[in-house]
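The residues making up each chain are set out below.
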There are 2 protein chains.
Amino acid sequence: MTPHPLSGLSPDEINVARDVVVASHPDTIVYFREIYLSEPPKAQLREFLALEHSGRLSPTTPRPYRLALCQYDVIGREKSTEYHESVVDIRLRRRVKHRIVDKKFHAALVVDEFDVFVNRCKASPLFQQALADFDLPKGFDVVIEPWPYGGLDLSDDNCRYMQGLIFAQDKTKNNEDANFYSYPLPVIPVMDCATEEIVRVDRPATGGKGDGLCDQTFSRDIIGHANASDYVPELLPGGTRKDLKPLNVVQPDGPSFRVTNESLVEWQKWRFRVGFNPREGATIHDVWYDGRSVLYRLAVSEMTVPYADPRPPYHRKQAFDFGDGGGGNTANNLSIGCDCLGVIKYFDALLTETDGSATKLPNAICLHEQDNGIGWKHSNWRTGRAVVTRSRELVVQFIITLANYEYIFAYKFDQSGAITVEARATGILNVVNIDSCKTSEFGNVVSGGVLAQNHQHIFCVRIDPAIDGHDNSVVVEESHPVPMNEATNPNGNFYRVIDYTVDRAGWLDAAPDLNRVVKMTNPHQSNPVSGKPVAYKFTPLATQKLLADPNSVQARRAQFAQHHVWVTKYRDGELYAGGNYTLQSQVEIGGISDAVKRGDRVADTDVVVWSSFGLTHNPRVEDWPVMPVDIYQLNIRPSDFFTANPSLDVPSSRNASSRVVQSDCCRDAHI
Amino acid sequence: MTPHPLSGLSPDEINVARDVVVASHPDTIVYFREIYLSEPPKAQLREFLALEHSGRLSPTTPRPYRLALCQYDVIGREKSTEYHESVVDIRLRRRVKHRIVDKKFHAALVVDEFDVFVNRCKASPLFQQALADFDLPKGFDVVIEPWPYGGLDLSDDNCRYMQGLIFAQDKTKNNEDANFYSYPLPVIPVMDCATEEIVRVDRPATGGKGDGLCDQTFSRDIIGHANASDYVPELLPGGTRKDLKPLNVVQPDGPSFRVTNESLVEWQKWRFRVGFNPREGATIHDVWYDGRSVLYRLAVSEMTVPYADPRPPYHRKQAFDFGDGGGGNTANNLSIGCDCLGVIKYFDALLTETDGSATKLPNAICLHEQDNGIGWKHSNWRTGRAVVTRSRELVVQFIITLANYEYIFAYKFDQSGAITVEARATGILNVVNIDSCKTSEFGNVVSGGVLAQNHQHIFCVRIDPAIDGHDNSVVVEESHPVPMNEATNPNGNFYRVIDYTVDRAGWLDAAPDLNRVVKMTNPHQSNPVSGKPVAYKFTPLATQKLLADPNSVQARRAQFAQHHVWVTKYRDGELYAGGNYTLQSQVEIGGISDAVKRGDRVADTDVVVWSSFGLTHNPRVEDWPVMPVDIYQLNIRPSDFFTANPSLDVPSSRNASSRVVQSDCCRDAHI
């Protein structure tokens with residue numbers, strides 16, 4: 001059976017792509033980074049999907065070619081390395097596109113590079129010399145945490161570097177999961193990735209309030225004032241709490257969803273496909289509700305985490321988790337029971353080994369239903385009759401781990417026709433050493449000797465709407481006060497709702513004072529009840545934008561984080577808010593800031609909307625050693641798309657399993 | 001057993017209060033509105049609670065007096081009515097306070113008045129004449145919906161009025177719950193409550209776009225273009241959906257909470273009391289976590305719903321749901337299974353009949369646990385070990401119905417020491433008649449002939465903190481950009497976190513551009529890890545403030561809705577953001593705007609913080625006929641209050657009831 005054009009490559013397809021690439025580069029070593037589906041050009045895919053939705057697909061229907069995007073280094077004589085990207089047509093077994101990526105760009109990291117870095121550090125006299133400045137407690141060992149090098153300073157050469165954050169681990173616990181983050185060491189080895197040599201060991205300051213910017217006040221007894229901060233249950237001094245009774249989600253008749261053809265999900269009038277790639281993790285495609293098109297594609301496009309400690313080299317701490325590391329590459333193998341409750345469908349994914357073979361990432365995405373409280377309710381006070389429904393959601397979830405931090409991403413579909421993109425930040429704060437008894441204006445002391453630096457997390461969600469078709473407009477709606485006046489506002493209670501269509505590609509910001517709402521509309525389809533164009537809308541999240549100085553490298557390379565909403569005209573392959581190549585970037589190239597510079601007309605055409613939001617994270621002690629989730633939700637809701645509340649027909653039956661506690665304390669009884 | 005000072009009055013206590021009041025007003029009719037616990041003065045209660053928490057209570061410990069607040073009309077000769085408030089000491093059976101409320105104030109509505117109004121409308125020739133202008137379809141009958149009269153115009157006398165919104169109901173369906181709101185009639189009868197006469201029938205305009213402000217363009221066939229919009233399942237044309245399979249929450253070992261002594265709740269280191277009164281509904285008192293005080297009192301203080309249609313008399317549509325109607329008076333009897341899942345504890349409440357007797361409102365508040373997804377997670381990529389916990393919440397919920405609308409309020413406590421106040425808006429839009437084929441800049445046509453007017457819902461939550469004691473300060477924290485400069489920000493990545501203590505009572509607004517955070521701190525207690533004062537914090541919700549012209553009656557009477565955060569010094573009895581008497585108010589008297597005018601010093605003292613937020617609701621067609629919940633959450637989180645993540649010891653055991661769907665479609669298997 002021919003795979004669906006949106007289905008990920010099979011292991012066989014990946015093998016074909018690998019073989020074609022290897023054959024194209026004789027007498028060299030090919031070091032594979034990624035091989036994954038190159039999604040079909042939209043024009044082709046639209047045609048195919050139109051036939052699919054109209055039921056006119058047949059085995060002989062022409063299909064978009066199966067294309068593999070292959071990203072790899074070609075290592076020639078004297079280890080000279082070039083980064084290449086090829087597209088291979090699987091059926092033809094032929095390379096149909098090929099380019100050597102300009103040296104100013106760097107490929108995203110792969111896990112294999114971390115191992116090299118760790119080994120080179122261990123073997124480096126420079127690094128060992130630096131460590132010799134410290135006396136670690138007996139039984140402690142050094143842990144090397146590889147990190148992207150951050151944005152290149154303007155004075156830097158353009159080598160590919162890797163840096164490491166260094167910690168100590170108490171080996172006397174005989175537990176590999178003893179939390180080493182509570183013992184940070186103020187040394188940062190830097191490796192030249194081409195030569196694999198440790199070229200430098202930076203010595204960050206450990207001073208605190210009152211010191212100069214770069215004072216290095218650490219002593220030999222560098223973690224003498226640090227404490228164990230464990231989170232694995234067997235190392236908790238008091239163990240885990242005993243008074244939490246089970247709360248089970250049981251679905252005796254199974255789930256309400258159906259998954260067919262690998263990736264097609266149908267649930268409560270929704271129909272969409274789930275994709276996965278190493279860059280974005282889970283992606284959502286071809287979203288329809290009750291036979292009507294809503295979105296062409298939805299994904300978390302990028303995120304950046306800039307740190308605000310000005311003491312060099314901490315300005316280099318800025319991760320682009322999707323561009324540098326990959327939301328798919330770093331996705332967790334989700335296991336049952338705790339990552340989700342209820343009946344769960346897992347999707348596996350394929351990742352690429354450096355030899356170009358496919359390796360399975362089991363349970364990379366999970367799909368399940370959950371209850372989100374009351375969906376709608378009305379009580380008629382005359383009759384005493386209450387009608388109340390629960391809100392059921394369908395959740396597509398994946399979780400990524402980037403060294404210390406984790407992010408939980410979920411696409412949630414509900415019965416009222418709304419889609420919520422949720423990001424939960426959790427995991428372990430990125431921390432550095434601080435001298436005993438000091439505090440710092442650059443962060444918060446969350447444990448002895450441990451400074452959690454102030455930072456931001458800014459996400460960008462890419463929404464490719466297809467509201468009843470592909471030609472859409474973006475309409476901004478605002479609610480404006482109107483001064484009291486005899487003609488239009490005699491009693492002062494009136495406010496005016498205005499709207500305007502975005503004509504040219506550009507950006508806009510959240511404006512809660514105006515209740516600014518962004519509508520993605522189809523100007524050719526009117527709601528038969530209200531007469532207004534059918535639309536989906538969202539309120540841009542009024543969260544703080546990137547704080548770094550606009551001329552800083554941190555800001556120049558993360559322009560997507562400087563406005564809340566971006567509107568661009570669709571272009572094939574234009575998927576990444578921060579550009580294709582974020583690793584060591586000095587400036588955002590090929591991201592949304594460049595896309596809007598084209599000045600495209602965006603009204604009544606194939607338009608794309610990008611929503612940036614996030615959190616300024618000045619750490620609390622409560623975020624240590626593992627941070628309770630901080631939750632951000634982007635709600636995308638129908639707005640005059642339907643002719644009534646789509647969840648009106650949700651049954652309001654009582655839930656058979658609920659029970660009542662009759663009175664004080666512990667007696668309870670079945671109803 | 002002596003009741004706890006925070007326990008609501010018993011029926012016997014209410015009887016005592018009633019008898020004392022009746023005896024105090026011989027030869028008159030006493031028309032009771034409310035009798036409920038007058039919470040003890042804070043000085044007394046603090047003393048009692050201190051003894052209670054230190055385990056030094058004994059049967060002989062002096063307790064705050066049990067006091068009943070009695071609100072009632074005294075109807076003398078010729079039906080002259082005065083509104084009185086008395087406080088009765090239950091033990092002494094003596095009135096200890098009494099006052100006749102100034103005529104410029106009006107008592108809140110009680111349900112009994114609605115019946116009077118409906119009957120007087122039916123009997124009114126004026127009203128019947130107005131209706132005679134219309135031809136209703138055969139089998140339709142008129143429904144009268146009593147409404148508060150809104151703010152008095154400056155030109156109004158100060159009579160107590162009631163107005164009605166009028167609808168037609170299709171009686172041929174033989175279903176009392178057929179939705180009459182889809183047939184609005186443009187007549188608004190107004191009753192003088194003193195004489196119980198219908199004194200006027202307003203005739204609001206029904207015109208649409210292009211018409212003058214007050215054009216009355218309705219015709220005799222007034223609802224000929226209106227359609228049925230039913231929501232009760234038996235009247236849905238297609239019935240309810242059949243493809244939703246059960247999702248049951250099962251707690252085989254019962255709940256993890258304990259409720260003792262009527263109102264004391266203990267759960268996962270939390271300890272607090274649940275109260276209830278006719279004005280605020282559920283209230284939360286004396287909140288402690290793990291032996292440390294967090295809050296003295298938490299409640300939804302007020303809300304206002306101003307409508308923006310400028311056509312008189314629609315400017316009168318402005319409800320104060322707590323002050324006009326009462327969050328407790330209008331609370332639903334919550335029934336099992338749909339209002340909550342899992343194991344539920346209900347609290348009954350007592351309301352007052354007009355003869356002063358107590359009547360039971362069963363199941364006015366519910367308490368249950370729920371799962372809120374992942375609580376925290378970390379995966380060690382070196383070992384592959386993931387530790388993940390679920391976040392369990394304890395929810396105190398009540399739901400109020402005000403004519404067409406409902407609000408679901410929840411106080412949610414979690415294992416990470418956070419408290420969330422949640423408001424969900426649902427129910428039926430308040431709608432008026434609009435001519436066929438017209439649209440309106442004053443709202444949206446959501447069904448034939450039905451205009452849903454633009455409006456706002458603005459809530460105010462009152463937080464009385466007791467962070468490790470009663471003397472607290474309010475500290476505002478902001479994150480400010482810093483221009484790149486050699487001395488303090490050489491690479492431009494630094495941002496400065498500043499904070500300042502609020503010295504004088506006043507207001508401030510949400511400032512997402514500065515990441516403004518409000519901390520309630522104890523300046524005398526430092527966190528031993530970070531050295532910072534222990535605190536709880538919240539980010540004010542950046543929602544649109546009241547839009548009405550500041551000089552309008554709508555705005556003058558709802559000053560609390562014009563700023564996001566208010567800080568006042570505690571005073572006994574100062575509980576209501578919009579003042580004690582909101583019904584027909586022209587200006588906010590005795591609310592927070594007056595409280596801040598005192599200019600009290602609020603640093604390091606008994607301080608109260610008020611948070612206003614809400615939604616500008618320009619209705620969607622999807623909000624009809626019953627609106628999917630719109631959810632607003634105020635998160636109050638610890639900030640250097642604890643020495644680590646309080647949920648660190650939550651067990652991460654797998655959930656026994658979870659199952660996996662193995663592959664496509666419907667096959668599934670137990671793990």
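Thresholds applied
- Residues numbered from 1 in each chain as written.
- Chains lettered and ligands numbered in written order.
- Predicted model: local features only at pLDDT ≥ 70, side-chain atom pairs only at ≥ 80, totals over all residues.
- Heavy atoms only, no water.
- UniProt positions renumbered as here; feature names shortened; annotations may be inferred.
- Contact = heavy atoms within 4.5 Å.
- Domains from an automatic or database assignment.
- Salt bridge = Lys/Arg side-chain N within 4 Å of Asp/Glu carboxyl O.
- Helix = DSSP H or I, 4+ residues; strand = E, 2+ residues; numbered from the N terminus.
- Buried < 20%, exposed > 50% of the residue type's maximum accessible area, 1.4 Å probe, protein only.
- Pairing = 2+ DSSP bridges.
- Axes fitted to C-alpha atoms, helices over the stretch in contact; angles between N-to-C directions.
- Buried area = accessible area lost by both parts, 1.4 Å probe.
- Polar contact = N/O pair within 3.5 Å; in protein donor to acceptor, adjacent residues only side chain to side chain.
- Nonpolar A, V, L, I, M, F, W, Y, C, P; charged D, E, K, R; others polar.
- Expected span 1.5 Å × (residues − 1).
- Arc of directions from axis to C-beta.
- pLDDT = per-residue confidence, 0-100.
- Least-squares fit on C-alpha atoms with pLDDT ≥ 70 in both.
- Patch = residues over 30% accessible without salt bridge, like charges linked within 9 Å, V, L, I, M, F, W, Y side chains within 5 Å.
- Areas by Shrake-Rupley, 256 points an atom, 1.4 Å probe, with all protein chains shown as cover.
- Lys, Arg positive; Asp, Glu negative; His and termini not counted.
- Charge placed at Lys NZ, Arg CZ, Asp CG, Glu CD.
- Phe/Tyr/Trp six-rings, centres within 6.5 Å; stacked < 30°, edge-to-face > 60°.
- Lys NZ or Arg CZ within 6 Å of the ring centre and 35° of its normal.

The name given to chain A in an unreviewed UniProt entry is Amine oxidase, and the organism recorded there is Aspergillus cristatus. According to the UniProt record, the Sequence similarities (unreviewed entry) comment for chain A reads "Belongs to the copper/topaquinone oxidase family."

Looking now at the UniProt feature "modified residue: 2',4',5'-topaquinone" (unreviewed entry) in chain A. Taken from the UniProt record, the annotation "modified residue: 2',4',5'-topaquinone" (unreviewed entry) applies to Tyr405(A). Ignoring sequence-local partners within four residues, the contact set of Tyr405(A) consists of Tyr307(A), Ile400(A), Thr426(A), Gly427(A), Ile428(A), Leu429(A), Asn430(A), His455(A), His457(A), His617(A) and Met627(A).

This part is about the domain arrangement of chain A. Per the domain assignment, the segments making up chain A are domain 1 (11-100), domain 2 (111-235) and domain 3 (258-307 + 318-429 + 456-470 + 535-639). For domain 1 of chain A and domain 2 of chain A, the distance between their C-alpha centroids amounts to 39 Å.

All right, on to the pattern of salt bridges then. Residue and element names in this part refer to chain A. What the rule picks out here adds up to 86 salt bridges over all chains. For Asp 468, the salt bridge is made with Arg 292, and the minimal N-O distance between the two is 2.7 Å. Taken together, the residues span a long stretch of sequence, with Asp 468 in the loop between strand S25 (455-465) and strand S26 (473-481) and Arg 292 in strand S15 (residues 292-306) at a distance of 176 residues. By relative accessible area, Arg 292 is classed as partly exposed at 23%. A network of salt bridges, in which partner residues are shared, links Arg 33, Asp 73, Glu 113 and Arg 160.

What follows deals with the sheet that holds strand S20 (residues 405-414) of chain B. One open sheet holds the eleven strands; their spatial order is S34(A)-S17(B)-S18(B)-S19(B)-S20(B)-S21(B)-S33(B)-S30(B)-S29(B)-S26(B)-S27(B), and the pairing between them is mixed. Edge positions in the sheet fall to strand S34 (659-661) of chain A together with strand S27 (495-501) of chain B, since each has one partner strand and no second. Neighbour-to-neighbour, the strand axes of the sheet open up by a mean angle of 30°, direction not taken into account. Where strand S30 (residues 533-538) of chain B meets strand S33 (residues 627-639) of chain B, three bridges bridge the pair, whose relative direction is antiparallel. The partner of Ala535(B) across the bridge, within S33(B), is Ser639(B).

Where the parts come together, the accessible area they lose is often given as the size of the interface. Taken together, the 190 residues of chain B in the interface contact 191 residues of chain A. In total, about 15400 Å² of surface goes out of reach between chain B and chain A, with carbon and sulfur atoms giving 52% of it. Across the contact surface, chain B and chain A share ten salt bridges. For Arg382(B), the salt bridge is made with Glu145(A), and the minimal N-O distance between the two is 2.6 Å. Where chain B touches chain A, the interface holds 94 residue pairs in polar contact (both at pLDDT 80 or more). For the side of chain B that touches chain A, the element with the most residues is strand S18 (residues 358-380) of chain B, which contributes twelve residues. Considering only residue class, the side of chain B that touches chain A consists of 81 nonpolar, 66 polar and 43 charged. Of the strand pairs in this sheet, S34(A) and strand S17 (residues 343-352) of chain B are connected by three bridges, and their pairing is parallel. Looking at S17(B), one finds that Val661(A) is bridged to Lys345(B).

Residue and element names in this part refer to chain B. Look at helix H2 (residues 42-53): 16 Å from first C-alpha to last across twelve residues, which is about the 16 Å you get at 1.5 Å a residue. Residues of H2 that are buried include every one of Lys 42, Leu 45, Phe 48, Leu 49 and Glu 52, and no others. Here the buried residues of H2 occupy an arc of 130° about the axis, which is enough to place them on one side. Opposite the buried face of H2, at more than 90 degrees from it, the exposed residues are Ala 43 and Glu 47. Its buried side turned inward, H2 meets strand S13 (270-277), strand S14 (281-289), strand S15 (292-306) and strand S25 (455-465). A positive phi of about 75° marks Gly 55, the residue just after H2.

For the rest of this paragraph, the subject is helix H3 (residues 111-123) of chain A. Taking 1.5 Å of rise per residue, the 13 residues of H3(A) would be expected to cover 18 Å, and the 19 Å separating its terminal C-alpha atoms lies within 8% of that figure. On the buried face of H3(A), the contacting elements are strand S1 (29-37), helix H4 (125-131), strand S5 (140-148), strand S6 (161-170), strand S8 (188-192) and strand S9 (197-202) of chain A.

Moving on: unusual backbone geometry. Residue and element names in this part refer to chain A. Note that the residue after Trp 624, namely Pro 625, is joined by a cis bond; omega there is -5°. In this structure, Asn 174 takes a positive phi of about 55° despite not being glycine. Turning to its location among the elements, Asn 174 is positioned in the loop between S6 and strand S7 (184-185).

To continue, consider the confidence of the model for chain A. All names here are of chain A. Looking at chain A as a whole, the pLDDT averages 94, with 96% of positions reaching at least 70. Here residues 663-671 scores under 50 on pLDDT; set against residues more than four positions off or in separate chains, the count is 24 contacts. Confidence metrics for the complex model read pTM 0.97 and ipTM 0.96.

As a further point, take the relation of the copies chain B and chain A. Each copy of the chain is related to the other by a rotation around an axis and a translation along that axis. The transformation that overlays chain B on chain A combines an axial shift of 0.0 Å with a rotation of 180°, and the residual RMSD is 0.0 Å. What the rotation and shift describe, once combined, is the action of a two-fold rotation axis. Taking the C-alpha atom as reference, chain B places Val249(B) closest to the rotation axis, 2.4 Å from it. Interface residue correspondence from chain B to chain A reaches 100%, placing this contact among same-surface, isologous pairings.

Moving on, we get to a negative patch on the surface. Residue and element names in this part refer to chain A. Together, Asp 112, Asp 115, Glu 353 and Asp 355 give the surface a local cluster of negative charge. Secondary-structure assignment places Glu 353 in the loop between strand S17 (343-352) and strand S18 (358-380). Under the relative-accessibility criterion, Glu 353 is labelled partly exposed at 36%.

Residue position: Asp549(A) is located in the loop between strand S30 (533-538) and helix H6 (553-556). Here Asp549(A) sits buried without a salt bridge, and the closest side chain of opposite charge, Arg556(A), lies 9.1 Å off (N-O distance). Only 2.8 Å separates the side chain of Asp549(A) from the backbone nitrogen of Met484(B), close enough to count as a polar contact. Once residues lying within four places of it in the same chain are set aside, the contact partners of Asp549(A) are Ala555(A), Val482(B), Pro483(B), Met484(B) and Gly492(B).

Attention shifts here to the sheet that holds S18(A). Backbone hydrogen bonds are what pair the strands of a sheet, in a parallel or an antiparallel way. If you trace the eleven strands from one edge of the open sheet to the other, you get S27(A)-S26(A)-S29(A)-S30(A)-S33(A)-S21(A)-S20(A)-S19(A)-S18(A)-S17(A)-S34(B), paired in mixed fashion. Edge strands, defined here as strands with exactly one partner in the open sheet, are strand S27 (495-501) of chain A together with strand S34 (659-661) of chain B. In this sheet, adjacent strand axes meet at a mean angle of 30° when their direction is disregarded. Judged from the twelve bridges that link them, S18(A) and strand S19 (residues 385-402) of chain A form a sheet pairing that is antiparallel. In the strand pairing of S19(A), Gln370(A) is matched with Glu393(A).

On to the environment of Leu298(B), then. Residues and elements named next belong to chain B. The topology assignment puts Leu 298 in strand S15. Along the sequence, Leu 298 and Gly 164 sit 134 residues apart, while their C-alpha atoms lie 34 Å from each other. In contact with Leu 298, not counting residues within four places along its chain, are Thr 283, Ile 284, Tyr 411, Ile 419, Val 421, Val 461, Arg 462, Ile 463 and Ile 636.

To continue, consider the packing of aromatic side chains. Taken as a whole and assessed by the stated rule, the structure comprises 50 aromatic pairs over all chains. Ring centres 5.5 Å apart and planes at 70° place the aromatic pair Phe322(A) and Phe409(A) in the edge-to-face group. Within this pair, whereas Phe322(A) is found in helix H5 (residues 321-325), its partner Phe409(A) is found in strand S20 (residues 405-414), the two being separated by 87 residues in sequence. As far as the burial class goes, Phe322(A) and Phe409(A) line up, both buried. Ring centres of Phe140(B) and Tyr183(B) lie 4.9 Å apart, and the angle between their planes is 90°; this geometry places the pair in the edge-to-face category. Residue Phe140(B) is located in strand S5 (residues 140-148), and its partner Tyr183(B) is located in the loop between strand S6 (161-170) and strand S7 (184-185); the two are separated by 43 residues in the primary sequence. Judged on exposure class, the residue Phe140(B) and its partner Tyr183(B) are both buried. Within the aromatic cluster, the residues linked to one another by ring pairs are Trp270(A), Phe272(A), Tyr289(A), Phe413(A), Tyr536(A), Phe641(A) and Phe642(A). Note that Lys42(A) overlies the ring of Tyr296(A), its terminal NZ or CZ placed 4.2 Å from the centroid. Note that Arg462(A) overlies the ring of Trp610(A), its terminal NZ or CZ placed 5.4 Å from the centroid.

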